[in-house]
Amino acid sequence: MASPLLVLFAALAIVLVTAGGCSGITKGPVLLSVSADRAAIMWETDAEGQGKLCYGKSPTLRKCVDSTSKKVQYKATTPKGQTIQKTAFIHKVWLEELEPAQVYSYRVDGAGLQSKTYEFHTAPSDSNEVTFVVYGDSRTNPDIHRKLIELMKTRNVDFVVHTGDLASRGDQYEQWGTQFFAPVKGLAETIAFYIAKGNHEGSGGNFEKLLIPPGQGNSFSFNYGPVHYLCLDNVSKDAKSKELLRLIAADAASSRAQWKFVSYHVPSLNFGGHWSDWGYPDALPSLAKAGVDFVITGHSHQYERFLPVAPPVGTNGSHVTYITAGGGGAPLYEIEPALYHASAKQIHHFCLFHIKGNKLTMDTIDVNGSIIDHLEITKNNGRPNKQYLWTAAPMETIRFHQVLHSALTKTVPAKPKKNEPFTVSYKLSAPALSSPAKMTFKLRCEQGTYELGEPQTFTIPEEGGTIEVKLTATPLADVRVPKDAQGRPKPISPALWVDCHYEIGRVQEDISKPIVAAAEKN
Ligand SMILES: [Fe+2]
């Protein structure tokens, strides 16, 4: 039997390490997955040794699971700017044989350390209700990320989905603490964070070591109440879009959930920022055919919700709602509002979903706590209400807009010279359309800065086709070709724009792009 003095000393040591805040736990604990019968938890310590996580139905901790750590050595910078070598030990465990809809307590134990006791609740086995958050791109500005987490904490959510880019340079291990683990403290211990890998996570394996539970791949799905949610890695080198689209289709087919969500990092539909079109031309038709309801991505640091995208003409797929939710903290990008946006804002934010059976509401909440977008959908016989479907945009014209943007974003190869005519040319290969596209292209400028040639008009037939546009202008003044801080060319000065007007059936839109010329050599 241990002596009373020894027991007193041990108890005092535990009190000291926990009360003093130097428990030796350097990251986490973070819940990485919680279903009706199991949960995954990670934590990191700065000391080697066997770890242990004790848990049980609150308030007792009857069971313990042992953990062997994974050692990570990395370079860190001291406050004085010195580079030092550091070592960390990552623990990840699964808690098995849990009961649905129960509150569990857990505590991390290890050699000389003990965490606080935290609580989480397991998913219900037969509920039709869920509340969750989706956000992404929280890297680089932990203060903004922290503000968003504080707002999330007030919303009583069941889980959080992150659409990737958690650290500016994920291959630098020291960034994970300040940019992800510190800001999510106070929420991630009790609510599961499901993460779709972003390109900034890097290829060195830090993301997988820290945040993917043992035995799980980077692409995974889970169920919660009426929702089936698939998180995909579309940024790793081996992430082939055709294979991932097949995976989405198979995963959606395997679920009878009323609402099907997919998140991946690089969007398939995104106007502004990176203008990403991951999976083009297959993604949009494939996601509609798969019967997905929502596709929520990141990568472009902005908020945009598209009108529901109708399945291809003559097919029976779902009307998919695409959202770019890349406003978790990273520097904001310029957005280019378009006819197909239901909402578009350049602001830090997260999306809060509440679903009860066939009724879905979403509030998008900005960093000040204001609601910047609101959406309601009610499903009848598996289809969204008619009022929502009436707002749908034809997939063919959205894809046309993507192609047109790409064609118009072209650099004039040489700097235009005063009094010398030059040509701005575009080649546009349009996909099949719902009806013929009537198009007009013309250049525009401030009065007296250029002499402009005639506008050009085209009609692209329903089956699609290629047109070549050649517009002429003569500068009446010297032209400058400015560069941005990274040396990339900015629009020429005096400014010159190309204006394009198109009509496809009842849809008509005007797109304008500034003319950019190749940067001058210094
Ligand atoms: Fe990204």
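For the structure itself, look to the data block above.
Computed from a predicted model, the values in this text were never measured in an experiment.

About the criteria used
Residues numbered from 1 in each chain as written. Predicted model: local features only at pLDDT ≥ 70, side-chain atom pairs only at ≥ 80, totals over all residues. Heavy atoms only, no water. Helix = DSSP H or I, 4+ residues; strand = E, 2+ residues; numbered from the N terminus. Buried < 20%, exposed > 50% of the residue type's maximum accessible area, 1.4 Å probe, protein only. Donors = N, O, S within 2.8 Å, 3.2 Å for Na, K, Ca; no water. Tetrahedral: all angles 85-135°; square planar, octahedral: opposite > 155°, others 65-115°. Pairing = 2+ DSSP bridges.

K.L.:
An account of unusual backbone geometry is needed here, citing residue identities and associated values.
P.N.:
Cis geometry marks the peptide bond from Ser58 to Pro59; its omega dihedral reads 0°. Along the chain, the position of Pro59 falls in the loop between strand E3 (51–57) and strand E4 (63–67). Unlike most non-glycine residues, Ala101 shows phi in positive territory, near 50°. By the secondary structure assignment, Ala101 is in the loop between strand E6 (83–95) and strand E7 (103–110). The phi torsion at His299 lies on the positive side, around 75°, for a residue other than glycine. Among the structural elements, His299 can be located in the loop between strand E16 (294–297) and strand E17 (303–306). Classification of His299 by relative accessible area gives buried; the value is 10%.

K.L.:
Could you give an account of the coordination of the iron ion, with specific residues and numbers?
P.N.:
Tetrahedral coordination by four donors places them ideally at 109.5 degrees to one another around the metal; octahedral coordination by six donors ideally gives 90 or 180 degrees. Taken together, Asp165 (OD), Asn199 (OD1), His265 (NE2) and His299 (ND1) make up the protein donors of the iron ion, found 2.1 to 2.2 Å from the metal. Seen from the iron ion, its four donor atoms lie at angles of 86 to 162°, and the figure they make is irregular. Binding-site remark: the iron ion is held by donors from one chain whose sequence spacing is D-x33-N-x65-H-x33-H. Here His299 lies in the loop between E16 and E17 and Asp165 lies in the loop between strand E11 (159–162) and helix H3 (175–181), a separation of 134 residues in the sequence.

K.L.:
Tell me what's going on with the sheet that holds strand E22 (residues 359–366), and back it up with residues and numbers.
P.N.:
Taken in spatial order, the seven strands of this open sheet run E12-E11-E10-E21-E22-E23-E24, and their pairing is mixed. Edge strands, defined here as strands with exactly one partner in the open sheet, are strand E12 (192–195) and strand E24 (383–384). Two strands pair when backbone bridges link them, and strand E23 (residues 371–380) and E24 are joined in this way by two bridges, in the antiparallel orientation. Residue pairing for E24: Asn380 is matched across the bridge by Arg383.

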